[in-house]
Amino acid sequence: MRLTFVTTNRGKANEVRNLLKTFGIEIDVCAIKLTEIQSDNLEEIAMRSCEEAYGVLKKPVFVEDAGLFIECLNGFPGPYSSYVYRTIGVTGILKLMEEKENRAAFFKSCIACKISGEPPSLFSGVCIGKISHEPKGSSGFGFDPIFVPEEGYGKTFAEMTTEEKNAVSHRGKSLRLLVEWLRFMR
Ligand code: ITT
């Protein structure tokens, strides 16, 4: 069985391809723009996008929905991370947090995978960390330059290689759960 990962985000596609390759899994990536429903719940967003992707491609697919949840902003931008990144970006988030001492935040990733007529299976991963005071590093994508994971020796995601990021990231965690499940399904 060959899986297709549906995403318009090249950074995500690169991380997913890289990690799955280490498990001997080759995937296809397809950049169809799916309808992203308005919801506070990443699982629900991923589930709906996955059903839509399966309906269009009619073959085994998975999608991933992720978000950055910042404690002092009551979880903002959360499920709206993509929009917030495109509008106010990294600089806007740092501005909102200028006076804030509490820098705690987490990333969450939710994968929905559908290989048959059954409802999609869901796999989630969380990465706890802090928002830095200034952007650092140039790899990765999105909010990587301002996110310092707890397990990352003080580096931002953008200062890590893809392999280092995958070892500790929200996406790395949800992907390893997907891999375990795929082994079980074979
Ligand atoms: P697809 O829905 O097409 O996969 P997208 O970029 O719209 O692409 P999301 O809806 O999951 O994906 O958006 C999440 C946004 O959150 C993303 O655009 C980034 O700005 C940010 N984000 C998610 N994971 C991230 C990560 O690992 N590092 C940095 N920023 C991340």
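Scroll up to find the structure this text is about.
Note that the structure is predicted; figures quoted are calculated from it, not measured.

Draft legend 1. Seen up close, the nonpolar core. Core analysis: the largest hydrophobic core is formed by 19 residues, its most contacted members being Leu68, Ile70, Ile131, Phe143 and Phe147. Put simply, the parts of the chain that give this core at least two residues each are strand E3 (61–70), helix H4 (89–96), strand E5 (104–114) and strand E6 (121–131). With three residues, the top contributor of residues to this core is H4. Excluding anything up to four places from it in sequence, Ile70 contacts Gly75, Phe76, Pro77, Ile93, Met97, Ala104, Ala105 and Ile131. Of all hydrophobic cores here, the second largest spans 16 residues; its members include Phe5, Phe123, Val179 and Leu182.

Draft legend 2. A look at the pairing of E3. In terms of burial, E3 is largely enclosed, as 10 of its 10 residues are buried. Of the two faces of E3, the one holding Val61, Val63, Asp65, Gly67 and Phe69 and the one holding Phe62, Glu64, Ala66, Leu68 and Ile70 are both buried throughout. Strand direction decides the pairing type here: strand E1 (residues 3–6) and E3, joined by two bridges, are parallel. Residue pairing in the sheet places Thr4 in a bridge with Val61 of E3. The sheet contact formed by E3 and E5 spans 10 bridges and is antiparallel. By the bridge assignment for E5, Gly67 is matched with Lys108. In terms of strand pairing, E3 meets strand E4 (residues 77–78) through two bridges, oriented antiparallel. Within E4, the residue paired with Phe69 across the bridge is Pro77. From the end of E3 to the start of E4, which pair antiparallel, there are six residues, and Asn74 there has a positive phi angle of about 55 degrees.

Draft legend 3. Just the layout of surface pockets, in detail. Approximately 810 Å³ is the volume attributed to the largest pocket. Considering the residues around the largest pocket, the lining is formed by 36 residues, among which Asn9, Lys12, Glu36, Asp65 and Ser82 are closest to the centre. Those elements that place two or more of their residues in the lining of the largest pocket are helix H2 (42–57), E3, helix H3 (81–87) and helix H6 (170–185). Considered class by class, the residues forming the lining of the largest pocket number 15 nonpolar, 12 polar and nine charged.

Draft legend 4. The arrangement of the site of the ligand in detail. Close to the ligand lie 19 residues; Thr7, Thr8, Lys12, Asp144 and Lys165 are nearest. In the model, an oxygen atom of the ligand is placed 2.6 Å from a nitrogen or oxygen of the Thr7 side chain. One nitrogen or oxygen atom from the side chain of Thr8 is found 2.6 Å from an oxygen atom belonging to the ligand. If the ligand stood free it would expose 600 Å²; the protein chains cover 93% of that surface. Because more than half of its atoms lie within 2 Å of the grid, the ligand is assigned to the largest pocket. Contributions of two or more residues to the shell around the ligand are made by E3, H3 and H6. For the shell around the ligand, the residue count by class is five nonpolar, seven polar and seven charged.

Draft legend 5. Main features of the environment of Lys59. Note on placement: Lys59 falls in the loop between H2 and E3. Residues Lys59 and Thr4 lie 55 residues apart in sequence; the distance between their C-alpha atoms is 7.8 Å. Each residue touching Lys59, except ones within four places of it in the same chain, is listed here: Thr4, Tyr54 and Lys114.

About the cut-offs
- Residues numbered from 1 in each chain as written.
- Predicted model: local features only at pLDDT ≥ 70, side-chain atom pairs only at ≥ 80, totals over all residues.
- Heavy atoms only, no water.
- Core = buried A, V, L, I, M, F, W, Y, C linked by side-chain atoms within 4.5 Å.
- Buried < 20%, exposed > 50% of the residue type's maximum accessible area, 1.4 Å probe, protein only.
- Helix = DSSP H or I, 4+ residues; strand = E, 2+ residues; numbered from the N terminus.
- Contact = heavy atoms within 4.5 Å.
- Pairing = 2+ DSSP bridges.
- 1 Å grid on protein atoms, 1.4 Å probe; cavity = no way out; pocket = protein on both sides within 12 Å on 5 of 7 lines; lining within 4 Å.
- Points joined across faces, edges and corners; volume = space filled by probe spheres on them.
- Nonpolar A, V, L, I, M, F, W, Y, C, P; charged D, E, K, R; others polar.
- Near = heavy atom within 4 Å.
- Polar contact = N/O pair within 3.5 Å; in protein donor to acceptor, adjacent residues only side chain to side chain.
- Areas by Shrake-Rupley, 256 points an atom, 1.4 Å probe, with all protein chains shown as cover.
- Sits in = over half its atoms within 2 Å of the grid points.

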